Amino acid sequence: MKSQRIHVGGEWYVAASAARADETPHVLKHDESFMLTDRYGDVDGTGLGEQGLYHEDMRYLSEMRLTVEGVRPMFLGSGVKDDNSVLITEFMNPDLERHAVAQGTLHIFRAKLLWQACCHEHIRIVNHGEETARLRLSLAFDADFADLFEVRGTPRQQRGHLLPPQVGGGELLYGYDGLDGVGRRTRFSFEPRPDHLAEREAAFDLVVAPGAACHLYCDIACERADAPTQPRPHYDQAYRANESARREQRAECCAVTTSNPQVNLWLRRSDSDVAMLSTELPTGRYPYAGVPWYSTTFGRDGIITARELLWIDPLPARGVLGFLAQTQALQVDPGRDAEPGKILHEARKCEMAATQEVPFGRYYGSVDSTPLFVGLAGAYWQRTGELDFIRGIWPHVQAALDWIDANSDADGFVRYARRSSDGLVQQGWKDSHDSVFHADGRMAEPPIALCEVQGYVYEARLLAAELARALGEPALAQRLDRQAQALREAFQQRFWSDVLGLYAIAIDASGERCEVATSNAGHALWSGIAAPDHAARMAERLLQPDFFSGWGIRTVAQGQARYNPMSYHNGSIWPHDNALIAAGLARYGYTLAAMRIFTGMFDATLHFSQHRLPELFCGFPRRDSEGPTLYPVACSPQAWAAAGVYLLLQACLGLEVNAQQREISLQAPRLPEFIDSMEVRRLGVAGHCADLRLQRYGAHVGIDVPVKQGDIAVRVRM
């Protein structure tokens, strides 16, 4: 994952000196903008201080507070709509002594939505009393133009120049001229014009007749000083456009429903979160990693999210492949850990990235994004059969394969060691600085060969060999097959630990194995590099109580060195990690073990707000009548956590879509006990599709195909 960290002594952390002011901040996102508010719909600077309106990783609004006669209204309820489009908050008035308005006379409704770099807000006040109500409603504002890395805790030696607020024409304008030479502006517009407008406040003196409603609108636009001011749609227009865009995004996708309403809530939440996190780039739809810290393009996250979604919706995979091919490194740049053929780790558009105060403008410090990119290309071709698209990115696939070869040691293992002094020390998905260590707790010395990375390389070569054959390059295909098999043999000899009953997490620079029981070994099942006899032992080992908490598999087993259930990577539980492991177990025939993981994840959703699985949660053992323990600064939503439910379903069903054979296949399908039946609609490829109905009968699943369009086969293999 990304480095959830501030920069201290060569490492990156997120500062967490206080708890959240509000336990579950509300989240909105559209394209390059996102917003975090408290339960009132306000932006509060206390607690972790992460709330605000952000655009391209810069905070354009750092405070917003609604008051009635100088006090907060009385809270009734709040929530984001199921499709993540609008935040609704509702209040009633307290006793308003100045105009003798009794408590509960006025209903105050707020609706917020993000559309095209602007927060549109609608405030409605309804008078349920028998007399005319008079009141002053105020909105207080501030904009600190803090870079996201500042908000995360990274200290800065200097900042750009904050401009004095400008008031005029019924608008309020805040400005900041950054050290990167970019002028940024926050423009506040109102309808109707406020009765009082100052540098930090807009106030409305309202008169609301009995039974009548009063409507106020406030737009908060994120602008560049060098860009012409564009006319903005009214709230109603933005609302309709937002709704239409979300409907269109899901209209042609495969749809899944089950007999369990709670599972359906989880599926709808995952659909909505993936849709919200997805941004339309010129190269196609890209799932941004997560809000708040990672609302941008990450290579590893985008690829794995696309793989999780691939059977149900291949469009994200196409968008991810297109963008990562376009941003592939072309030359050596040690400051960005870039080398020719290497695939992006993350890209940022913020001021501190532009000034190189942080190295993440375009940063390539992940060892696994490159083989995962090749694997996604092969899996996408299997799923869609779009050989012309593959032909277009084939030079990038070849460049990625060349990078893999250049970074392989004598045993064929791909290793990493950072070259940037400000870059990530650990460059696998567990990229905390202390995540790769020996059984006695000593840190592994680079260059490091990670367990899961060798599996990704193995799969990449096998799938690239298929692409090479399809593109008329049989000699290359044969070489890639030979390399893959040689790597698999060396992997068994060097990484397997009889003591652990698992593959070791890594081999360090001295050739010493890091014999620590970690979830990384489970990825060797997902990629297929594991030997069948080793897979059998792992299927039992990963579900032992020191690994499996009852909610999911821990990143590090209890009792190992550096184990901490509250850590980021050394004992916590990550939903995407569990989904990959479950898919790997099912691949080797251990579907019952996969369903235990699925059940743990499902049970966890029942305790999380909105059935939303966060980026990670703590690894404490499951206790009766208690839910899982939250990790304090986890991203929520997080793309690969949201998409994990589809990989879990795919694992249990053994489901694959093969475009070349126009076939939907199910290998020994099973359904967990909490799902009696399931429907899958519009599953297929290139206009050929089928609807599936699955019914559980004890340990077996019956399958019906009520609708089939075009030339596509449905096969069940037991």
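One can find the structure itself at the top, above this paragraph.
Residues numbered from 1 in each chain as written. Predicted model: local features only at pLDDT ≥ 70, side-chain atom pairs only at ≥ 80, totals over all residues. Heavy atoms only, no water.

Novice: Where do I start with the packing of aromatic side chains in this structure?
Specialist: The way to describe two aromatic rings as a pair is by their centre distance and the angle between their planes. A full pass over the atoms with the stated rule returns 32 aromatic pairs. Centroid distance Phe360 to Tyr363: 5.2 Å. Interplanar angle 80 degrees. Geometry classified as edge-to-face. The exposure classification of Phe360 matches that of Tyr363, with both residues buried. Ring geometry for Tyr568 against Tyr631: centres 5.7 Å apart, planes inclined by 40 degrees, an arrangement best described as tilted. Within this pair, whereas Tyr568 is found in the loop between helix H12 (532-541) and helix H13 (575-587), its partner Tyr631 is found in the loop between helix H14 (591-605) and helix H15 (639-642), the two being separated by 63 residues in sequence. Residues Tyr568 and Tyr631 agree in their burial class; the two are buried. Put simply, the rings of Phe141, Tyr174, Phe188, Phe190 and Phe204 pair up and form one aromatic cluster. (Phe/Tyr/Trp six-rings, centres within 6.5 Å; stacked < 30°, edge-to-face > 60°. Buried < 20%, exposed > 50% of the residue type's maximum accessible area, 1.4 Å probe, protein only. Helix = DSSP H or I, 4+ residues; strand = E, 2+ residues; numbered from the N terminus.)

Novice: I would appreciate a short explanation of helix H8 (residues 387-406) in the present structure.
Specialist: Side chains of residues three or four places apart in an α-helix project in the same direction, reflecting 3.6 residues per turn. With 20 residues, H8 extends 27 Å between its outermost C-alpha atoms, agreeing within 8% with the 28 Å of an ideal straight helix rising 1.5 Å per residue. In H8, a bend of some 50 degrees at Ile393 exceeds every other bend along the element, and Pro395, a proline, comes one to four places later. Every buried residue belonging to H8 is among Phe389, Ile390, Ile393, Trp394, Val397, Ala400, Leu401, Trp403 and Ile404, and all of these are buried. Of the surrounding elements, those touching the buried residues of H8 are helix H5 (315-326), helix H7 (369-384), helix H9 (451-470) and helix H10 (474-495). (Expected span 1.5 Å × (residues − 1). Bend = angle between axes of the 7 residues up to and from the residue. Contact = heavy atoms within 4.5 Å.)

Novice: Any chance you could explain the packing of helix H3 (residues 261-277) against H14 here in plain terms?
Specialist: Running from N to C, H3 and H14 point in directions that differ by 85 degrees, and their axes come no closer than 10 Å. With respect to H14, the axis of H3 lies roughly perpendicular. Across the interface between the two elements, Gln262, Val263 and Trp266 of H3 pack against Phe598, Met601, Phe602 and Thr605 of H14. Per-class residue counts for the contact of H3 with H14 are 5 nonpolar, 2 polar and no charged. (Axes fitted to C-alpha atoms, helices over the stretch in contact; angles between N-to-C directions. Parallel < 35°, antiparallel > 145°, perpendicular 65-115°, else oblique. Nonpolar A, V, L, I, M, F, W, Y, C, P; charged D, E, K, R; others polar.)

Novice: Just to check I follow, could you spell out the nonpolar core for this structure?
Specialist: Side chains that are nonpolar tend, in soluble globular proteins, to be buried together. Counting 173 residues, the largest nonpolar core has Phe373 and Tyr503 as its most contacted members. The element best represented in this core is H9, accounting for 10 residues. Filtering out sequence-adjacent residues up to four positions away, Tyr503 remains in contact with Cys451, Phe491, Gln492, Phe495, Trp496, Ala521, Ala524, Ala530, Ala531, His534 and Met538. In terms of nonpolar packing, the next biggest core, distinct from the first, is built from 44 residues, Tyr40, Tyr176, Phe190 and Phe204 among them. (Core = buried A, V, L, I, M, F, W, Y, C linked by side-chain atoms within 4.5 Å.)

Novice: So what exactly am I meant to see when it comes to the sheet that holds strand E4 (residues 58-61) here?
Specialist: The strands making up a sheet associate through hydrogen bonds between their backbones, and the pairing can be parallel or antiparallel. Strand order in the open sheet made by the 4 strands is E1-E2-E3-E4, with antiparallel pairing throughout. The strands lining the two open edges of the sheet, one partner per strand, are strand E1 (26-30) and E4. Neighbour to neighbour, the strand axes of the sheet diverge by 25 degrees on average, direction disregarded. Sheet topology places strand E3 (residues 52-55) next to E4; 3 bridges connect them, and they run antiparallel. When the bridges of E4 are listed, Tyr54 appears paired with Arg59. (Pairing = 2+ DSSP bridges.)

Novice: Whenever I open this one, the sheet that holds strand E5 (residues 63-68) confuses me. Can you help?
Specialist: Across the sheet, 4 strands lie side by side as E5-E10-E15-E14; this open sheet has antiparallel pairing. In this open sheet, the two strands that pair with only one neighbour each are E5 and strand E14 (196-197). Strand direction decides the pairing type here: E14 and strand E15 (residues 201-208), joined by 2 bridges, are antiparallel. Its bridge partner being in E15, Leu197 is matched across the sheet by Ala202.

Novice: It is not clear to me how unusual backbone geometry should be interpreted in this structure. Could you clarify?
Specialist: Among all residues save glycine, negative phi is the norm, and among peptide bonds the norm is trans. Note that the residue after Val291, namely Pro292, is joined by a cis bond; omega there is 10 degrees. Backbone torsion omega between Pro446 and Pro447 reads 0 degrees, so that peptide bond is classified as cis. Relative to the elements of secondary structure, Pro447 occurs in the loop between H8 and strand E22 (449-450). If you check the backbone angles, Gln356 has positive phi at about 60 degrees while not being a glycine. Summarising the element assignment, Gln356 is placed in the loop between helix H6 (351-354) and strand E21 (362-363). Phi angles above zero are rare outside glycine, and Arg662 is one such case at about 45 degrees. When its relative accessible area of 36% is taken as the criterion, Arg662 is described as partly exposed.

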